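Coordinate analysis (summary)
The primary structure of each chain is shown beneath.
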Amino acid sequence: MPKSSKKKKEKNVDFSKARLKLGKGKQVANNATDTSFKARSIAVPHQTIGQTKDISKPTTRRNLTLDDLLVQLKHYNPGTRKDAILGLRELLEAHPALVHSSLTPIIQTCARIISDEDVEVRKTLLTFFDWFLHAAPLHQIRPHTPLLILFITSAQTNIFPAIRIDAVRFLDLLLELTPELIVQNWKEHASTGNRVLEGYLGLLNAGSSYWIGHKDDGPTPSASSVTLSPNSKLIVVSSLASFLQNAISPLVSQDEATIPTWFMTSMFPTHAEYLGFCSLTNSLHLQNPVAEVEWSERLCDSQTEFLGQFNTTCFAVDGNPGFSLTELGEVGQAINALSGSGEDHSLSNSTSNSESTPRTLNPIIVSIWLDVAPMLFGVARGTTLPEVEAQLALSVTRIAGCLYGAIFRETELPTDIASTAFDDLSAFLSYMSPYLPAVAETSDIQSEDFTRDLSFQYCELTSLAFSASHGDKRKVVKSSKAKHINALVTQMDRVAEFVVKALDGQVCLKSVANPLGYPLTTSAYKSLLPTIWTLLTYQNVTDSKSLSSTIRLSCIQHALRISSRSGIKAAATQFIGILVLLQSQRGGSIATTSELMEHEIQGYREWYQHLPKVLWEIGGADPMLTEIISRLILRISQRRIAMFETTTIAAVCSRMTPYFSVTRSQKGELLGPFTKLKEWPRIRRLVLDAAAVLISEGEPSVTDTMRRAVGHATKATGDIQYWSTLI
């Protein structure tokens, strides 16, 4: 019995209730944690009660200095970080001097929150950077660009898709300011430009491991696939188009002047000869008048302001703007290029490793086009054009133009790569051809602009594929599918008809909103030049001679028809001048004078006689156009183009005479528009060079009058000594 009583007490001990005693308080639980602590002092930093502020430092309305704001950018509260960014702009706008003195700490601190998890903080930071990077001098921004790229590329690989999209927005800011630093070495693995490109490909699910130069079997899917909304996809695709355009276009346009001429490289045996021909018509683009001072051993008091102010273009050699100190270190390569003994560093070296990128992006380009095309071209009359889908379509065609243009400009491209690129481009064109080229059928101005721009890009892509399949240096035809070639010929016929209408003013276009049409813009004309050149040069298609004649005559009539003060006049004049100068070029596929039809030759003569009228009408308002026309007259006269006979030269001389001076029976000698070029001494001398060559070739009955007119005008401009050395 005693034993069982003991066990009973042990069993009930866990459920026993302790009795409270008066005055003893509540007992602590057995599982309670002791949180009490002891300390001699507690340090709480940044307490204003224990600090003395420097009242001389600029502050915001909340009495926060620059240092206070930079500290708050690291605060754990998103609202505090956002307010700190707003305070930075408030402080810098009130005290602009801080932009220069505190540029480094501001960029270093703000760059760390590019990948902030709060969307409002990132949005505010983007707005601040858009203002701040434009307010600061560009030469001070450049040294900090690598740091910004480091944090932006890190944000491109963030686990949150929203942060990756915002990283692209930050990239757009830098592409606007310092594009050459963003695209630097974009074809080399682990370079700055390549990391940026991989970020784009990762967002588009194109595979980040398929970088330029790898010989993989195909694109590797991204490990972190992202499904983008149409708006987000537009941000990425448009930014990628800008990136590729900045990465590839400078390699093409570095030797160009007013108009692009890269499509003419096949006319010349070497790249050096191509550059030499371009220098015949290239304008120096003098944006400001250049002061010239005659050399003397002693400096006059009136010439003290000339000390130290030397412009290298004053000493440039006929179209060459001179060399910088960096370029002077490559004199050996320049000599080899001029002599033709060195390697040909042409477009082939710049695009040798870019063939994999079109292969990677081609499925994305096709997919986006197939998604947006039915929505765009199925719009009923009176319906607003879907803006997001329209911009997506324009962006993917820009990407295709950059990538495939870089490939087909390659002079020594392997056959297999050329065939693959041609097949991909032909397939993409087959998806575009049911809709383009076209004219907008709605009365919406935005829809008209979109349809016109997209049609021009379609024409450029078609001409690229056509030149690749019919060029003398290509082997694409032998390895490509016959259906692509046949479809391309049909597409090119439609493009030719569209181009003729555009040059004649029937396409740019007659529409519902503009039944009479309106003229081409300068950018649209330049985008059509590769297509026009393809239609002029490749003559192994049925009835190509009559087609080339029609295109050539349309170009001439277009150059004659547009106003002298139109922005497109310089580009149209230079292009026709290049076609004329190519008549004296040995070899090539351009039609020579003997192959031209009589009405074409007559059109060229009419254009040549039209140039003095343009000089008279523009006066001194357009120095660049004056330089282009004067240089064309000089080069055409020097090369003695066969189509311009003695009567044509005499007509040009007689029409050129009033440009210098006119003799009136009552008022005597009146100075012409030549004297309005007083601020442009180099252009004046170029005009005099052209006049001297014309006088040397013209008939004495006409040239004597022109010589007297030029002499009278040079007395007024102070060029009489230079003119006397010419005649």
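Predicted, not measured: the structure shown is a model, and the values here were computed from it.

Check the secondary structure of the protein and you find 31 helices and two strands. Taking all 727 residues of the protein together, 48% fall into the buried category. Taking as baseline every contact in the protein between residues at least 6 positions apart, the subset at least 24 positions apart corresponds to 72%. For the protein, the computed accessible surface area is about 37700 Å², with 52% contributed by carbon and sulfur atoms.

The next subject is helix H8 (residues 145-156). Owing to its 3.6 residues per turn, the α-helix brings residues three or four apart onto one side. With twelve residues, H8 ought to run about 16 Å at 1.5 Å a step, and its terminal C-alpha atoms sit 16 Å apart, in line with that. Within H8 the residues assigned to the buried category are Thr145, Leu148, Ile149, Phe151, Ile152, Thr153, Ala155 and Gln156. At its buried positions, H8 is contacted by helix H5 (103-111), helix H6 (119-135), helix H7 (138-141), helix H9 (161-177), helix H10 (179-182) and helix H11 (192-203).

This paragraph deals with the confidence of the model for the protein. Per-chain confidence: the protein averages 78 in pLDDT, with 74% of residues scoring 70 or above. Low confidence marks residues 208-223, where pLDDT is under 50. Its contacts with residues over four positions away, or in another chain, come to 34 contacts.

Let's shift gears to the packing of helix H17 (residues 356-377) against helix H18 (residues 387-408). Packing of H17 against H18 leaves a shortest axis separation of 9 Å and a crossing angle of 150 degrees. As judged from the angle between their axes, H17 and H18 are roughly antiparallel. Of the two elements, H17 crosses H18, and the hand of that crossing is left-handed. Mapping the contact onto sequence places Thr357, Pro358, Leu361, Asn362, Ile365, Ile368, Trp369, Val372, Met375 and Leu376 in H17 and Glu389, Ala390, Leu392, Ala393, Val396, Ile399, Ala400, Leu403, Tyr404 and Ile407 in H18.

Okay, the pattern of salt bridges next. According to the stated counting rule, one finds 17 salt bridges in the structure shown. Linking arginine 89 and glutamate 93 is a salt bridge whose minimum nitrogen-to-oxygen distance equals 2.9 Å. Taken together, the residues arginine 89 and glutamate 93, both in helix H3 (residues 78-94) and four residues apart, mark about one turn of the helix. Linked through salt bridges whose partners overlap, the residues forming this network are Arg122, Asp166 and Arg169.

The next subject is the packing of helix H13 (residues 271-281) against helix H27 (residues 623-639). Direction vectors running N to C along H13 and H27 enclose 120 degrees, while the axes themselves pass 8 Å from each other. Comparing their axes, H27 and H13 come out oblique. Here Phe277, Leu280 and Thr281 of H13 come into contact with H27, specifically with Arg631, Leu632, Arg635 and Arg639. Tallied by class, the residues present in the contact of H13 with H27 amount to three nonpolar, one polar and three charged.

Attention now goes to the packing of aromatic side chains. For the structure on display, the rule yields 20 aromatic pairs. When the ring of phenylalanine 377 is compared with that of phenylalanine 450, the centres are 6.3 Å apart and the planes differ by 40 degrees; the resulting orientation is tilted. Of this pair, phenylalanine 377 sits in helix H17 while phenylalanine 450 sits in helix H20 (residues 445-470), and the two are 73 residues apart along the sequence. Take phenylalanine 450: its relative accessible area is 5%, and that puts it in the buried class. The interplanar angle of 25 degrees and the centroid separation of 4.4 Å between the aromatic rings of tyrosine 608 and phenylalanine 644 together place this pair among those described as stacked. With tyrosine 608 in helix H26 (residues 598-618) and phenylalanine 644 in the loop between H27 and helix H28 (646-660), this pair connects stretches of sequence that are 36 residues apart. Residue phenylalanine 644 is classed as buried on the basis of its relative accessible area, which comes to 7%. Through a chain of ring-to-ring contacts, three or more aromatic side chains come together here, namely Phe128, Phe129, Trp131, Phe132 and Phe170. The cationic tip of arginine 685 hangs over the ring face of tyrosine 722; the distance from NZ or CZ to the ring centre is 5.0 Å.

Each value, and the rule that gives it
- Residues numbered from 1 in each chain as written.
- Predicted model: local features only at pLDDT ≥ 70, side-chain atom pairs only at ≥ 80, totals over all residues.
- Heavy atoms only, no water.
- Helix = DSSP H or I, 4+ residues; strand = E, 2+ residues; numbered from the N terminus.
- Buried < 20%, exposed > 50% of the residue type's maximum accessible area, 1.4 Å probe, protein only.
- Contact = heavy atoms within 4.5 Å.
- Areas by Shrake-Rupley, 256 points an atom, 1.4 Å probe, with all protein chains shown as cover.
- Expected span 1.5 Å × (residues − 1).
- pLDDT = per-residue confidence, 0-100.
- Axes fitted to C-alpha atoms, helices over the stretch in contact; angles between N-to-C directions.
- Parallel < 35°, antiparallel > 145°, perpendicular 65-115°, else oblique.
- Left-handed = near helix turned anticlockwise from the far one by under 90°.
- Salt bridge = Lys/Arg side-chain N within 4 Å of Asp/Glu carboxyl O.
- Nonpolar A, V, L, I, M, F, W, Y, C, P; charged D, E, K, R; others polar.
- Phe/Tyr/Trp six-rings, centres within 6.5 Å; stacked < 30°, edge-to-face > 60°.
- Lys NZ or Arg CZ within 6 Å of the ring centre and 35° of its normal.

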